[in-house]
Amino acid sequence: MRETWVVGAATTRFGRLPESAREAATRVSLAALDAAGMQPREIGHTFVSNCFGVAERQVHLGPLVNTGLGIPEVPSASIESACSSSSAGLHEAFVRVAGGFDDAVLVVGAERLSHLDTLRSTSFFAMGADYPFETRNGATFPGLYATIANAHRHAFGTKEEELGAIAVKNHANAARNPHAHFQKEISLATYLASPVIASPLRLYDCCPFSDGAAAVVVAARETTPRPASEPLVIRASARSGSIADLQDRPELTGLPATRLAAAKAFRQAGLSAKEVSFLEVHDCFTIAEILALEDLGFFPKGEAARAGAEGITARDGSLPVNPSGGLKAKGHPVAATGVSQVVEVFEQFNHRAGARQVPSLETALTHNVGATGGSCSVHLFGHR
Amino acid sequence: MGPGTLGVLPLRGVRSRCGFTSGTFLLACPKCGERDLAPIEFSGKGRIASFTVLSVPGEEFVKEAPYAYVLVDLDEGGRIAGWMAADRTGGPPAIGMAVQYVAGAAQGNRFAREDASGASR
Ligand SMILES: CC(C)(COP(=O)(O)OP(=O)(O)OC[C@H]1O[C@@H](n2cnc3c(N)ncnc32)[C@H](O)[C@@H]1OP(=O)(O)O)[C@@H](O)C(=O)NCCC(=O)NCCS
Ligand SMILES: [Zn+2]
């Protein structure tokens, strides 16, 4: 395998895009190439993720993006893995570059559905669940994670204030991120006063419906030895799956796909959780940040709930988690999220994260979940 | 928009030789790989494994909201998803609560709490 780097990265601001997902995807792709100091014609393959293109009556984005970048002859494919789509694209890019099939690959994710109302958005998002066996029984994504949250609470006594502390922390981080959907801090009182969406989850437990786009350029060290920005060395790129439906899994208090992907990633990199300096994890709901910290191996099962409340996972804590603001507050434009986590690591490693810069930059971990964990990606990044 | 044929026969499931029991669509067992899955009919009686009460529904459940989404551990093994109407008496569902399938819902597996006499309401 060739040593493989992330050499460029870029994101739009999350929230509301003034243009189509296709335009935003093309624009951030060019920005990521600029960050790498590369030209579009150096790209050998493009992976595009856009889960809800049908909401814009547009699929087959790859050729549109490549044509817009002036490289119409470059092959492309769409990668869909629900909320983990673009980290799945990153994994495919890693495989192609590390395996020597391409020297440089573009990975871009984009989403736009702010033109839909709450009801339509909820239904579009629910398409990532099992339609006949979950959705037709009343499941929505807040509902599925709320079902996990109730099971976690029943088993381990997870408290409302512990969930709230995660929302408060991630909003505080997002308030320092100019790309975030919500750039405002919230108090625990605001959290506790917010309406229940799916018990026990409140409005401030949920990620919002966001538009946004993010892109990275993946390249081989031997062919791109001097990128314009400090590159991230991809130490591990691992994916896993698990039984798709929650009701068919023996355990409701964790995501088996996270455990499997983490084990693979740590083995690949020859690293352990102790060596990770900060994380971007999949906090689509506050409970999901707790699940992630437990299933990735940073806390024993049932013990991560205190991490937010005790400040361990704050920006200046011993293990910063979601310095970007996470899905909760930076926003969750589904197919852009996986790559946007890597954009945050890239900005941190290049000391461009401003007021949210984390103190230690040895090794970073990104964790991106599809739906309730039917699919999951874990990546580990280090320095050259 | 139709769901196809999946899920239209409620309370049908399969059981694998290893004991894995499911009400979803499987041609092989996700636990042991067995392809010879025995078709079974569920009793519809069980206890709530976990649940949530939703106030923000998707398009399918606009008329039911607020309602509960429930995962039910069936007495004979296996766990299936379903929903419960908002409760007018007795408060919200709880983990461990005994419930019973109620036939005739327009969609999904509708459950109701089972009281001491064994009747559902
Ligand atoms: C919680 C939820 C139902 C709110 O619906 P919505 O359509 O965004 O709500 P509204 O547009 O009515 O917003 C009402 C207000 O709350 C704010 N808001 C919306 N979602 C928010 C969130 N998640 N966190 C904090 N504030 C939020 C809005 O900005 C708006 O504020 P304003 O009145 O000051 O402008 C919706 O965001 C949701 O379902 N989120 C989860 C998405 C999801 O399932 N993702 C997949 C994860 S696997
Ligand atoms: Zn089996």
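Conventions we followed
Residues numbered from 1 in each chain as written. Chains lettered and ligands numbered in written order. Predicted model: local features only at pLDDT ≥ 70, side-chain atom pairs only at ≥ 80, totals over all residues. Heavy atoms only, no water. Helix = DSSP H or I, 4+ residues; strand = E, 2+ residues; numbered from the N terminus. Buried < 20%, exposed > 50% of the residue type's maximum accessible area, 1.4 Å probe, protein only. Contact = heavy atoms within 4.5 Å. Expected span 1.5 Å × (residues − 1). Arc of directions from axis to C-beta. pLDDT = per-residue confidence, 0-100. Near = heavy atom within 4 Å. Polar contact = N/O pair within 3.5 Å; in protein donor to acceptor, adjacent residues only side chain to side chain. Areas by Shrake-Rupley, 256 points an atom, 1.4 Å probe, with all protein chains shown as cover. Domains from an automatic or database assignment. Buried area = accessible area lost by both parts, 1.4 Å probe. Salt bridge = Lys/Arg side-chain N within 4 Å of Asp/Glu carboxyl O. Patch = residues over 30% accessible without salt bridge, like charges linked within 9 Å, V, L, I, M, F, W, Y side chains within 5 Å. Donors = N, O, S within 2.8 Å, 3.2 Å for Na, K, Ca; no water. Tetrahedral: all angles 85-135°; square planar, octahedral: opposite > 155°, others 65-115°.

### Observations concerning the environment of Thr286 of chain A
Residue and element names in this part refer to chain A.
Link 1 in the chain: Tracing the chain through its elements places Thr286 in helix α9 (residues 286-295).
Link 2 in the chain: Look at Thr286 and you get buried, because its relative accessible area is 1%.
Link 3 in the chain: Thr286 sits 11 residues away from Glu275 along the chain, and the two C-alpha atoms are 24 Å apart.
Link 4 in the chain: The residues contacting Thr286, other than those within four sequence positions of it, are Leu163, Ile166, Ala167, Leu201, Tyr204 and Asp205.

### Looking at helix α8 (residues 256-269) of chain A
All names here are of chain A.
Link 1 in the chain: When the terminal C-alpha atoms of α8 are compared, their 20 Å separation across 14 residues agrees well with the 20 Å that a helix rising 1.5 Å per residue should span.
Link 2 in the chain: Restricting attention to buried positions, one finds in α8 the residues Ala257, Thr258, Ala261, Ala262, Ala265, Phe266 and Ala269. On an axial view of α8, the arc spanned by its buried residues comes to 150°, and they lie on one face.
Link 3 in the chain: Where the residues of α8 are buried, they touch β8 (232-241), α9, β10 (364-370) and β11 (375-382).
Link 4 in the chain: Gly270, located one to two residues past α8, shows a positive phi value of around 65°.

### Observations regarding the confidence of the model for chain B
Link 1 in the chain: Mean pLDDT for chain B: 90, with 89% of residues reaching 70 or above.
Link 2 in the chain: This complex was scored by the predictor with a pTM of 0.97 and an ipTM of 0.96.

### Brief notes about the site of ligand 1
Residues and elements named next belong to chain A.
Link 1 in the chain: In the vicinity of ligand 1 lie 17 residues, with Thr118, Phe125, Cys206, Cys207 and Lys328 positioned nearest.
Link 2 in the chain: Take Thr118: an N or O atom from its side chain is 2.5 Å from an oxygen atom of ligand 1.
Link 3 in the chain: Note that a nitrogen atom of ligand 1 is positioned 2.7 Å from one of the backbone N or O atoms of Cys206.
Link 4 in the chain: In isolation ligand 1 has 910 Å² of accessible area, and contact with the protein removes 67% of it.

### So, the side chain of His181 of chain A
Residue and element names in this part refer to chain A.
Link 1 in the chain: Within the secondary structure layout, His181 lies in the loop between α6 (160-174) and α7 (188-193).
Link 2 in the chain: The buried category is assigned to His181, whose relative accessible area is 18%.
Link 3 in the chain: Of the polar contacts made by the side chain of His181, one reaches the side chain of Ser210; its length is 2.8 Å.

### Here's the deal with unusual backbone geometry
Residues and elements named next belong to chain A.
Link 1 in the chain: The omega torsion across Ser199 and Pro200 is 5°, close enough to zero to call that bond cis.
Link 2 in the chain: With respect to the helices and strands, the residue Pro200 is situated in the loop between β5 (196-198) and β6 (201-202).
Link 3 in the chain: Phi is positive for His351, close to 55°, though the residue is something other than glycine.
Link 4 in the chain: With respect to the helices, strands and loops of the structure, His351 is situated in the loop between α12 (334-349) and β10.

### Overview of the domain arrangement of chain A
Residues and elements named next belong to chain A.
Link 1 in the chain: In terms of domains, chain A is made up of domain 1 (4-116 + 210-233) and domain 2 (130-208 + 235-382).
Link 2 in the chain: Spacing between the C-alpha centres of domain 1 and domain 2 amounts to 23 Å.
Link 3 in the chain: Taken residue by residue, the interface counts 41 residues in domain 1 and 39 residues in domain 2.
Link 4 in the chain: Contact with domain 2 buries surface across domain 1, with Phe14, Cys83 and Leu232 losing the most and accounting together for 23% of the total.
Link 5 in the chain: If you look at where domain 1 meets domain 2, you find zero salt bridges.
Link 6 in the chain: At the junction of domain 1 with domain 2, the criterion picks out 21 residue pairs in polar contact (both at pLDDT 80 or more).
Link 7 in the chain: Mapped onto the side of domain 1 that touches domain 2, the elements with two or more residues apiece are β1 (4-11), α3 (85-98), β4 (104-111), β7 (212-220) and β8.

### What to know about a nonpolar patch on the surface
Residue and element names in this part refer to chain B.
Link 1 in the chain: On the surface, Leu6, Phe25 and Leu27 cluster together to form a nonpolar patch covering roughly 320 Å² of accessible area.
Link 2 in the chain: Looking at the secondary structure, you find Leu27 in the loop between β2 (21-22) and β3 (38-41).
Link 3 in the chain: By relative accessible area, Leu27 is classed as exposed at 65%.

### Section: the coordination of the zinc ion (ligand 2)
Residue and element names in this part refer to chain B.
Link 1 in the chain: Listed as protein donors to the zinc ion (ligand 2) are Ser16 (OG), Cys18 (SG), Cys29 (SG) and Cys32 (SG); their distances from the metal cover 2.2 to 2.3 Å.
Link 2 in the chain: One can describe the donor arrangement at the zinc ion (ligand 2) as tetrahedral, given that its four donor atoms subtend angles of 99 to 117° at the metal.
Link 3 in the chain: Considered as a linear motif, the donors of the zinc ion (ligand 2) on their single chain read S-x1-C-x10-C-x2-C.
Link 4 in the chain: What makes Cys32 partly exposed here is its relative accessible area of 44%.

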